[in-house]
Amino acid sequence: MVAETPTQHPQNTRAIMAFLREHTPFANMDEAHLAHFAEHASLRFFADNDVVLSPDEGPVRTFNVVKQGLIRGERNGKDGEPVTTFEISQGECFPLAALIGERPTRTLHRAHGDTFCLSLDHDAFVTLFSESDPFRDFCLRGVSSLLDQVNQRIQSGAMASISPTHSLDTPLERYALRNPIVCSPDSPVRKAVARMHENDVGSIVVTNDARQPVGIFTLRDLRTMVAEQTATLETPIRQVMTPDPHRLLVVADAFQAAMLMAEHHFAHLCLVDEEDTLVGVVSQRDLFSLQRVDLVHLARTIATATHLRTLVSLRAQVSRLVDTMLAHGADSGQIVKIITTLNDVTVRRVLELNIERNDPGIPFTWLTFGSEGRQEQTLLTDQDNGILFDPPDGMTGDEVRERLLPFAETVNQELAECGFTLCKGNIMASNPKLCLSSREWDDWFVRFIDASTPQNLVYSSIFLDMRAVFGPREPLEQLQERIVKRITKNDLFQKMLAGNAVTRRPPLTIFRGFRYASDGEKNTLDLKRQGLAPFVESVRVFALANGITEANTVERMELLARQGVFDRKDANAWKEAYGLIQAIRMRAHQEQARQGLALNNYINPDDLNPLDRRILRESFRQAQRLQQKLEVTYQL
C-alpha cells in the first residue's frame, strides 16, 4: 500500500526544512535550495514489506529521503533466495547511482515496517542538482563527500596552521629538481664534485647508459670519504657511491617520499618513469611543507638516540606530530602509517642499543603482530612481538633461546618505558613460545591451521598479521608464503576463520540504533572491536584464501579488487568506511590526549554531531555488507 501526500503547506515546508537540516547533505545547503526541496517534495507512505523501487519499473524518476522507518535493499543470492545487501534509515537518501545514471535500480528496495519517504520528482531533482553545489557533490560522490567533511573537521580541530599550498597529496614532480646532475660510474670523484659545485646541488646521481639510476653520491658521502680517508679524489665514483638508490615513480606524492625518508633516514630520492629512467631528484629540503611538520627530522632523531631516556622523551613528540599532520591534511590511513613508522624506528633503536650493550651473538628477526603487523597502530598501543631465528651450526633451538630470551626480556621492558605497554596475554618475544626457529614457527603454524580450536581462532587475529621490524626479512617472507599456501588449500580452516570473523557484528540494532559495548562506560561504542575489527577480520579471510601475503587491511582490499574478488565499487566503499571509523577514533584519541586522559577506544555516540553519527551508521552498514559477502561466500 502506497499513499502520497503533498507537502506544499507553509507549515509543512518549515517542518520538512527543519528535518532536512539535521542530515547530510542538507545541513550544508542554502536556505533557498532547502525550501525548493520542501516545496516540491511529496510525503509517501509504505506499509511493511511494500516494494518501494524495483528493477522492473524502468529508469528511476524520484529522489527519496527516508523520513521515518527503514528501507532494505534485496538481491537474489546464489540459491535464488533474496539477500539483504543494505539498509537505508532515517535521513538517508536513495537511489543516487541509478537516478544520476538515468537507469533502473539494480536492487529491489522494500519497506521494513511502516515507512515514510520524502520524494522529489525528476524535474525538481535536476533543478536542485544544477543549482546546489553541496547537493550535487553529495549525489556524485556519496560517502566520499562524507569523508571529506569529517577530514575537514579533524583538520580544523588540530593545533597547527600550515600553508594550504603544500599538501601531503601534492605530486612530487612539483618539488622535484628536473634534469638532475648526473655522471657515469667511471667518473672520478673530483669531476663529480666539481659538477655538484658548479650547479650548487648537494647530490649527483650515477646513471648507466640507459639513464637509469645505479647510485647516488652526496656531500655527506664526500665528508665521510675525506674524514676516514677511504678513497682519493681520483677514485671512480662507483667505488664510493651509495648503490641502488631509493626511487619513486614521478607520479607518487609527497607523503610517500616522507615515509621513505623517515624509515630509511636518507635525504634524497630519485624520481623515475615506468621504464626506470631518471626524471628528477627530490630532497628533504625541497619538501618544505614536510620539513615544517618534522616527520623526517623526528624519525632521524629517534634512530640516532644514544640513551633510552632520550627515546622516552621523544615519544611525547609523536602525539604533537599527529596533531600537526592532521592539520596538514593527512588522512587516517596516512596517520596510522606515520605512527607505525615512528614506532618501528623506536623499536629498532631499542634493539640496536641493547645489541651494543649486550649482543647475544645470534642473528634474529624481530617480528611484530596484530595492528602493528598491519601498520595500523594509533597512539594507543601495546606490544605484540616475537623472534624468528635460524640456529647456528652446532647449536640447538633451546641453546639459542638461552641467549635470546634474557635479551628479549630487557627489550620488552624498555619498550614499555617508551610507552608500548606490556601485553597482558604475554604475546611478547620474551615468551619462550614466541622465540622460535624458522622450523619451529613452521611446525607451530601447521598445528595452528590443522587444529582449528577456539584458542587458535583467537590467535588468528594476532599471528596471521605479522611483519619483520628488525633483522633479515627473507626468513619471514618464506614462512608467510608457506602459511598462505596451506590456508588456500584448507577450505575447512577458511570457513572456521570466516565463522569467527562474523561473530564481531557491527554495533547496529535492527532498528538502526547503536548497540553499545558491554564492557565500556554506559552507552558507549568500542570503535576498535565493534567498528574496525569486522573489516579487519573479514578482509583477512578473503586475502588469505586468495594467496595475498600483504597484512595491511586497506592494501588487502585493493589487491582483492584487482584480483576481481571484490567489486571495485564495493572495495572503494569499504575502504572509505574503514577510514571514516579510524578518523573518528583518532579524533577521540586527540581529544583524550589534550585533556590528559588515558587513551581508550570508547565513544558515546550521543556526544557526536548529526554528521558524525550519520558517518558511523553508514560505515557500520558497510561493515555489515562485507560480512554478508563473507557469509554468502562460505555459506555460513
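The structure displayed is predicted, hence computed values, not measured ones. (Residues numbered from 1 in each chain as written. Predicted model: local features only at pLDDT ≥ 70, side-chain atom pairs only at ≥ 80, totals over all residues. Heavy atoms only, no water.)

Observations concerning the overall build of the protein chain
Part 1: When helices and strands are counted, the protein chain shows 23 helices and 23 strands.
Part 2: When the accessible surface of the protein chain is split by element, carbon and sulfur atoms take 49% of a total near 28600 Å². (Helix = DSSP H or I, 4+ residues; strand = E, 2+ residues; numbered from the N terminus. Areas by Shrake-Rupley, 256 points an atom, 1.4 Å probe, with all protein chains shown as cover.)

Concerning the packing of aromatic side chains
Part 1: Tallied over the entire structure, the rule returns 23 aromatic pairs.
Part 2: Their ring planes at 75 degrees and their centres at 5.3 Å tell us that Phe63 and Phe135 sit as a pair that is edge-to-face. Of the two residues, Phe63 is situated in strand E4 (residues 62-68) and Phe135 in helix H5 (residues 133-141); the sequence distance between them amounts to 72 residues. Taken individually, Phe63 and Phe135 each receive the classification buried, so the pair is uniform in this respect.
Part 3: With 5.0 Å between their ring centres and 70 degrees between their planes, Trp444 and Phe463 make a pair best called edge-to-face. Of the two residues, Trp444 is situated in helix H16 (residues 438-450) and Phe463 in helix H17 (residues 454-463); the sequence distance between them amounts to 19 residues. Comparing Trp444 with Phe463 shows no difference in burial state: the two are buried. (Phe/Tyr/Trp six-rings, centres within 6.5 Å; stacked < 30°, edge-to-face > 60°. Buried < 20%, exposed > 50% of the residue type's maximum accessible area, 1.4 Å probe, protein only.)

Thoughts on the packing of helix H20 (residues 527-545) against helix H21 (residues 553-562)
Part 1: Between H20 and H21, whose axes approach to 10 Å, the crossing angle comes to 45 degrees. Classified by the angle between their axes, H20 and H21 sit oblique to one another. The handedness of the crossing between H20 and H21 comes out as left-handed. Residues Phe535, Val536, Val539, Arg540, Phe542 and Ala543 of H20 touch H21, and the partners they reach there are Thr553, Arg556, Met557 and Leu560.
Part 2: When grouped by side-chain class, the residues that make up the contact of H20 with H21 number seven nonpolar, one polar and two charged. (Axes fitted to C-alpha atoms, helices over the stretch in contact; angles between N-to-C directions. Parallel < 35°, antiparallel > 145°, perpendicular 65-115°, else oblique. Left-handed = near helix turned anticlockwise from the far one by under 90°. Contact = heavy atoms within 4.5 Å. Nonpolar A, V, L, I, M, F, W, Y, C, P; charged D, E, K, R; others polar.)

Overview of the pairing of strand E5 (residues 71-76)
As a general feature of sheets, a regular strand has side chains that alternate between the two faces.
Part 1: Both E5 and strand E6 (residues 82-88) contribute to a ladder of six bridges, which runs antiparallel. Paired with Asn76 across the bridge in E6 is Pro82. (Pairing = 2+ DSSP bridges.)

Regarding the confidence of the model for the protein chain
Part 1: Averaged over every residue, the pLDDT of the protein chain is 85; the share at 70 or more is 89%.
Part 2: Note on residues 288-293: pLDDT under 50 across the span, and 18 contacts to partners over four residues away in sequence or across chains. (pLDDT = per-residue confidence, 0-100.)

Looking at the pattern of salt bridges
Part 1: Tallied over the full model, the rule gives 30 salt bridges.
Part 2: Across the pair Arg349 and Glu352 runs a salt bridge, and its minimum N-O distance is 2.9 Å. In this pair, Arg349 and Glu352 are both assigned in helix H13 (residues 332-358), three residues apart and thus about one turn of the helix distant.
Part 3: Residue class for Arg349 comes out buried when judged on its relative accessible area of 10%.
Part 4: One continuous salt-bridge network, built from bridges that share partners, spans Arg374, Glu376, Asp465, Arg540 and Arg556. (Salt bridge = Lys/Arg side-chain N within 4 Å of Asp/Glu carboxyl O.)

A look at the nonpolar core
Part 1: In terms of nonpolar packing, the biggest core is built from 64 residues, with Trp441, Phe445, Leu464, Phe535, Phe566 and Leu616 touching the most fellow members.
Part 2: Examining the composition of this core, we find that 10 residues originate from one element, H20, more than from any other.
Part 3: In this structure, Phe535 is in contact with Thr553, Met557, Trp574, Ala577, Tyr578, Ile581, Ser619, Gln622, Ala623 and Leu626, ignoring residues within four places of it in sequence.
Part 4: Core analysis: the next-biggest nonpolar cluster, separate from the first, contains 46 residues, Ile302, Phe389, Phe420 and Met586 among them. (Core = buried A, V, L, I, M, F, W, Y, C linked by side-chain atoms within 4.5 Å.)

Thoughts on helix H22 (residues 568-594)
Part 1: Taking 1.5 Å as the rise per residue, H22 with 27 residues should run 39 Å; its terminal C-alpha atoms sit 39 Å apart, in good agreement.
Part 2: Among the 27 residues in H22, 20 count as buried, and that is most of the element.
Part 3: Regarding H22, its N-cap is Asp567, as a side-chain oxygen of that residue lies 2.9 Å from the backbone nitrogen of Lys569 further along. (Expected span 1.5 Å × (residues − 1). Polar contact = N/O pair within 3.5 Å; in protein donor to acceptor, adjacent residues only side chain to side chain.)

Quick word on the sheet that holds strand E13 (residues 213-218)
Part 1: In spatial order, the strands read E11-E12-E13-E14; together these four strands make up an open sheet with mixed pairing. What marks the edges here is a single partner per strand, and that holds for strand E11 (182-183) and strand E14 (242-243).
Part 2: With two bridges joining them, E11 and strand E12 (residues 203-207) adopt parallel strand pairing. Across the sheet, Cys183 pairs through a bridge with Val206, a residue of E12.
Part 3: In the packing of helix H8 (residues 219-228) onto the sheet, contacts are made with E13 and E14, and the angle to E13 comes to roughly 65 degrees.

Observations concerning H21
Part 1: Every buried residue of H21 is accounted for by Thr553, Arg556, Met557, Glu558, Leu560 and Ala561.
Part 2: Near the N-terminus of H21, the side chain that reaches the backbone nitrogen of Val554, with its oxygen 3.2 Å away, is that of Asn552.
Part 3: Gly564 lies just past H21 and shows a positive phi near 85 degrees.

Examining the sheet that holds strand E3 (residues 51-53)
Adjacent strands of a sheet pair through backbone hydrogen bonds, lying either parallel or antiparallel.
Part 1: The four strands lie next to each other as E3-E8-E5-E6, forming an open sheet whose pairing is antiparallel. Only two strands of the sheet have a single partner each, and these edge strands are E3 and E6. This sheet shows a mean twist of 40 degrees between the axes of neighbouring strands, independent of strand direction.

Remarks on the side chain of Asn604
Part 1: Considering the arrangement of structural elements, one finds Asn604 in the loop between strand E23 (602-603) and helix H23 (610-634).
Part 2: A polar contact is formed between the side chain of Asn604 and the backbone nitrogen of Asp606, at a distance of 2.9 Å.
Part 3: Beyond its immediate sequence surroundings of up to four residues, Asn604 is in contact with Lys522, Asn523 and Thr524.

Side note on the side chain of Asn64
Part 1: Counting through the fold element by element, Asn64 comes out in strand E4.
Part 2: Within polar-contact distance, the side chain of Asn64 engages the side chain of Ser119 at 2.5 Å.
Part 3: Among all residues touching Asn64, those that are not within four sequence positions of it are Arg44, Leu53, Glu92, Cys93, Phe94, Pro95, Leu118 and Ser119.

Comments concerning the pairing of strand E16 (residues 268-272)
Part 1: In terms of burial, E16 is a largely internal element, four of the five residues being buried.
Part 2: Inspection of the sheet shows strand E15 (residues 247-249) paired to E16 by three bridges, in the parallel sense. For Leu249, the partnering residue across the bridge sits in E16 and is Val272.
Part 3: As judged from the five bridges shared by E16 and strand E17 (residues 278-283), these two strands associate in the antiparallel manner. Opposite Leu269, over in E17, you have Val282 as the bridge partner.
Part 4: Connecting E16 to the antiparallel partner E17 that follows it, the hairpin turn spans five residues, and Asp276 within it adopts a positive phi of roughly 65 degrees.

As for unusual backbone geometry
Part 1: The amide bond that connects Phe94 to the next residue, Pro95, takes the cis arrangement and shows omega of -15 degrees.
Part 2: Phi is positive for Arg211, close to 60 degrees, though the residue is something other than glycine.
Part 3: Phi at Asp276 is positive, roughly 65 degrees, even though this residue is not glycine.
Part 4: Summarising the element assignment, Asp276 is placed in the loop between E16 and E17.
Part 5: The exposure class assigned to Asp276 is partly exposed, which follows from its relative accessible area of 24%.

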